Amino acid sequence: EKGNHRHFMAKEIHEQPEVVGRTLAHYVDLANGRVALPETLPFDFRTLSRLSITACGTAYYAGLVAKYWFETLARLPVEIDVASEARYREPPLDRDGLTLVISQSGETADTLASLRYAKSQGQHTLAVVNVPTSTIAREASAVVPTLAGPEIGVASTKAFSCQLTVLLCLAIAAGRARGALSAERERALVDALITVPGLMAEATKREGEIEGLAREVSKARDVLYLGRGTSYPMALEGALKLKEISYIHAEGYAAGELKHGPIALIDESVPVIVIAPHDAIFEKTVSNMQEVAARGGRIILIGDAKGAAAAGLDTLATVTMPDLDPVVAPIVYAVPIQLIAYHTAVFMGKDVDQPRNLAKSVTVE
Ligand code: M6R
């Protein structure tokens, strides 16, 4: 069932243009250029004073990206925590407020417990899940499915990009309901969303270069991932992906935090993977890259041609991504991030589909 691919993970990475397209078709009214959620939701985005998000692992990072989207596009304050913390912290939650849980399997014990806690507080619960028959899908008051199809590789790839797709559609719908988005801006966002599957397919064409780069990464003992804005959670996701399948120690940081500690680690032996589409805060990230370069750090830039030219830095490599609306960048940039981890692990001879000590679905805490 792996088709022409050596591993499920490779197959699932390459399936993304198709499954993200399918997920989009479910949430976007293409004819009218509007997001159209297929189900009526049992709450009103207009009256929410806050959105609480809980999830684990990669799903949590999808939630972190969504925090930026809900806050900027819908002006909706978001509180987010990993489910294992949220469930025991027992945060005060408003009656009739909204908790959003995100889970590929729909069976993650901590995520389920945080969903049950939210319900016990009288919250509405909305679940972004990939397995429609799962416990979380059954227990949530509403479900917005990701249509990624079965994900077999332990490292989550296509479920993640589909989670991002659904979450961006939700944020746009919330933005419209709350009067935070003009019709014109919504249309521009939908236009950008529609281009995503094609842009992801384009991103997979960088695979040959990434394979070469992976040989460099495989020699490292530690790898740093940096990003700002929505690229910050993408840095966290990149580091998680690399550590879980290659067993190389990797850390993701908000680029602005570099000076507050991690810069002490920088030398020629530490590859620094910078995720930086040419967005409004790109210049800030360039300053951080200069700080890295000044200390002999070897930068791998995942960015676009415009950004690479503007940065004018001597990088070890630049993985050139297509031009895009920065709002949709996380969905497209997921591809090179996953491919770097995949090829590094394959080059090192690791079992990428079944990494040691990990289970696909964590049903015990
Ligand atoms: O099934 P879930 O989305 O609830 O799983 C959450 C995490 O266990 C999962 O994302 C994990 O971090 C993956 N192995 C990441 O690749």
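Residues numbered from 1 in each chain as written. Predicted model: local features only at pLDDT ≥ 70, side-chain atom pairs only at ≥ 80, totals over all residues. Heavy atoms only, no water.

Participant: Even after reading the chapter, I still don't get the overall build of the protein chain, so can you show me in this structure?
Facilitator: Each helix and strand in the protein chain was counted, giving 13 helices and twelve strands. Relative to the compact-globule value of 21 Å for 365 residues, the protein chain shows a C-alpha radius of gyration of 20 Å, a close match. By its C-alpha atoms, the protein chain is 55 × 45 × 45 Å across when sized along the principal axes. The buried share of the protein chain, reckoned over its 365 residues, is 58%. With the model as given, the accessible surface of the protein chain reaches about 14400 Å², and the carbon-plus-sulfur share is 50%. The distance from the centre of the 36 positive side-chain charges to the centre of the 43 negative ones in the protein chain is 1 Å. (Helix = DSSP H or I, 4+ residues; strand = E, 2+ residues; numbered from the N terminus. Rg over C-alpha atoms; globule rule 2.2 N^0.38 Å. Buried < 20%, exposed > 50% of the residue type's maximum accessible area, 1.4 Å probe, protein only. Areas by Shrake-Rupley, 256 points an atom, 1.4 Å probe, with all protein chains shown as cover. Lys, Arg positive; Asp, Glu negative; His and termini not counted. Charge placed at Lys NZ, Arg CZ, Asp CG, Glu CD.)

Participant: So what exactly am I meant to see when it comes to the state of the cysteines here?
Facilitator: In a disulfide, the sulfur atoms of two cysteines are held together by a covalent bond. Enumeration according to the criterion identifies zero disulfides in this entry. Left without a disulfide partner, Cys162 is nearest to the cysteine sulfur of Cys169, which lies 11 Å away. (Disulfide = S-S within 2.5 Å.)

Participant: Honestly, the pattern of salt bridges in this entry has me stumped. Any pointers?
Facilitator: Side chains carrying opposite charge are able to pair once their charged atoms draw close together. The full count for this structure, using the stated rule, is 21 salt bridges. Its salt-bridge partner being Glu216, residue Lys219 comes within 3.0 Å of it at the nearest N-O pair. Taking relative accessible area as the criterion, Glu216 reaches 25% and is therefore assigned partly exposed. Linked through salt bridges whose partners overlap, the residues forming this network are Arg50, Glu79, Asp81 and Arg89. (Salt bridge = Lys/Arg side-chain N within 4 Å of Asp/Glu carboxyl O.)

Participant: What's the story with the nonpolar core in this structure? I'm lost.
Facilitator: Soluble globular proteins tend to pack their nonpolar side chains together in the buried interior. Residues Phe45, Trp69, Phe70, Leu100, Leu170 and Tyr225 are the most contacted members of the largest nonpolar core, which totals 98 residues. Residue contributions to this core peak at 13 residues, all from helix H13 (residues 329-347). Apart from residues lying up to four places away in sequence, Phe70 is in contact with Phe45, Leu51, Arg75, Leu76, Val78, Leu100, Leu167, Leu170, Ala171 and Ala174. (Core = buried A, V, L, I, M, F, W, Y, C linked by side-chain atoms within 4.5 Å. Contact = heavy atoms within 4.5 Å.)

Participant: Could you clarify how one ought to interpret the site of the ligand in this entry?
Facilitator: Around the ligand, 14 residues are found, and the nearest of them are Ser103, Gln104, Ser105, Thr108 and Glu244. A distance of 2.6 Å separates an oxygen atom of the ligand from a polar side-chain atom of Ser103. Here a nitrogen atom of the ligand sits 3.1 Å away from a polar atom, N or O, in the main chain of Val154. Against a free-state accessible area of 410 Å², the protein chains account for coverage of 91% of the ligand. At the level of elements, helix H3 (57-74) and helix H10 (231-246) are the ones that each hand at least two residues to the shell around the ligand. Here the residues of the shell around the ligand sort into five nonpolar, seven polar and two charged. (Near = heavy atom within 4 Å. Polar contact = N/O pair within 3.5 Å; in protein donor to acceptor, adjacent residues only side chain to side chain. Nonpolar A, V, L, I, M, F, W, Y, C, P; charged D, E, K, R; others polar.)

Participant: Honestly, the packing of H10 against H13 in this entry has me stumped. Any pointers?
Facilitator: Helices that pack against each other are described as a pair by the angle of their axes relative to one another and the distance between those axes. Interaxial distance between H10 and H13 falls to 9 Å at its minimum, and their mutual angle equals 25 degrees. Here H10 is positioned roughly parallel relative to H13, judged by the angle of their axes. Regarding H10 and H13, the two cross each other, and that crossing is right-handed. Across the interface between the two elements, Met234, Glu237, Gly238, Lys241, Leu242, Ile245 and Ser246 from H10 touch Pro330, Tyr333, Ala334, Ile337, Gln338, Ala341, Tyr342, Thr344 and Ala345 from H13. Looking at the contact of H10 with H13, its residues break down into ten nonpolar, four polar and two charged. (Axes fitted to C-alpha atoms, helices over the stretch in contact; angles between N-to-C directions. Parallel < 35°, antiparallel > 145°, perpendicular 65-115°, else oblique. Left-handed = near helix turned anticlockwise from the far one by under 90°.)

Participant: When you look at the packing of aromatic side chains in this model, what are you seeing that I'm missing?
Facilitator: Aromatic rings in a pair are described by how distant their centres are and how their planes are angled relative to each other. Under the definition given, this model contains two aromatic pairs. Aromatic side chains Phe43 and Phe45 sit 5.1 Å apart centroid to centroid with 85 degrees between the ring planes, which places their arrangement in the edge-to-face category. Per residue, the accessibility class of Phe43 equals that of Phe45, and both read buried. The interplanar angle of 50 degrees and the centroid separation of 5.6 Å between the aromatic rings of Tyr60 and Tyr61 together place this pair among those described as tilted. In this structure Tyr60 comes out as buried when scored by relative accessible area, which is 16%. In this arrangement the basic side chain of Arg356 is found over the ring face of Tyr247, its NZ or CZ atom lying 3.8 Å from the centre. (Phe/Tyr/Trp six-rings, centres within 6.5 Å; stacked < 30°, edge-to-face > 60°. Lys NZ or Arg CZ within 6 Å of the ring centre and 35° of its normal.)

Participant: Explanation requested: unusual backbone geometry in the structure shown.
Facilitator: Negative phi values dominate among residues other than glycine, just as trans dominates among peptide bonds. Even without glycine at this site, Glu90 takes up a positive phi of about 45 degrees. Turning to its location among the elements, Glu90 is positioned in the loop between helix H4 (83-89) and strand E5 (98-103). Non-glycine residue Tyr247 carries a positive phi angle of around 65 degrees. Within the secondary structure layout, Tyr247 lies in the loop between H10 and strand E9 (249-254). Its relative accessible area of 26% is what places Tyr247 among the partly exposed residues.

Participant: Honestly, the side chain of Arg87 in this entry has me stumped. Any pointers?
Facilitator: Relative to the assigned elements, Arg87 resides in helix H4. You can call Arg87 buried: its relative accessible area is 18%. One polar contact links Arg87 to Glu365, side chain to side chain, over a distance of 3.5 Å.

Participant: What exactly am I supposed to notice about helix H5 (residues 109-120) here?
Facilitator: Along an α-helix, residues three or four positions apart point the same way, because every turn accommodates 3.6 residues. Compared with an ideal rise of 1.5 Å per residue, which puts twelve residues at 16 Å, H5 spans 16 Å between its outermost C-alpha atoms and is within 8% of the ideal. Across the twelve residues of H5, nine count as buried, placing the element largely inside the fold. Burial in H5 covers these residues: Ala109, Asp110, Thr111, Leu112, Ala113, Ser114, Leu115, Tyr117 and Ala118. Considering only its buried residues, H5 is in contact with strand E3 (51-55), H4, E5, strand E6 (124-129) and helix H6 (135-139). (Expected span 1.5 Å × (residues − 1).)

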